[in-house]
Amino acid sequence: MIRDIFREGSILPVDIATLSDSADLYAAGLTSHATVNLMLSLEEKFDVEFPDRLLRRRTFESIDAIKAAVGELLDQKAAA
């Protein structure tokens, strides 16, 4: 699902399919503006809201990092 967001939003200048889950998305061309668009798309897709503590570069630096953050938010939502 996360890779679909990259494809649908043309977030990177490279094909997300060519990158591993641990690849540095910023090195692949992710910009700060694109990160905001990515975050908004993730919030909409998963019906979550990123708290201030997750609004940092590390949260969006790789597919693995994004999966971990979204998983944490979904766990918190389910526990509420």
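The structure under discussion appears in the preceding block.
Residues numbered from 1 in each chain as written. Predicted model: local features only at pLDDT ≥ 70, side-chain atom pairs only at ≥ 80, totals over all residues. Heavy atoms only, no water.

K.L.:
Give a detailed account of helix α2 (residues 32-46), specifying residues and quantitative values.
P.N.:
Its 15 residues give α2 an end-to-end C-alpha distance of 21 Å, which sits within 8% of 21 Å, the value for a rise of 1.5 Å per residue. Among all positions of α2, only A34, T35, L38, M39, L42, E43 and F46 are buried. In this fold, the buried residues of α2 make contact with α1 (2-9) and α3 (63-79). Once α2 finishes, D47 follows within two positions and takes phi at roughly 55 degrees, a positive value. (Helix = DSSP H or I, 4+ residues; strand = E, 2+ residues; numbered from the N terminus. Expected span 1.5 Å × (residues − 1). Buried < 20%, exposed > 50% of the residue type's maximum accessible area, 1.4 Å probe, protein only. Contact = heavy atoms within 4.5 Å.)

K.L.:
Can you explain the pattern of salt bridges? Please cite residues and give values.
P.N.:
Applying the stated criterion across every chain yields a total of 5 salt bridges. Ionic pairing is found between D4 and R7, a salt bridge with its closest N-O pair at 2.9 Å. Separated by 3 residues within a single helix, D4 and R7 lie in helix α1, roughly one turn from each other. Looking at R7, the relative accessible area reads 43%, which means it is partly exposed. Put simply, D47 and K77 hold a salt bridge, and the shortest N to O gap is 2.9 Å. Placement of the pair is D47 in the loop between α2 and α3 and K77 in helix α3, with a sequence separation of 30 residues. Since its relative accessible area comes to 54%, D47 is described here as exposed. Assessed through its relative accessible area of 41%, K77 is described here as partly exposed. A single salt-bridge network, built from bridges that share partners, covers R3, D21 and K67. (Salt bridge = Lys/Arg side-chain N within 4 Å of Asp/Glu carboxyl O.)

Bear in mind that shape data such as this cannot, by itself, settle questions of function.
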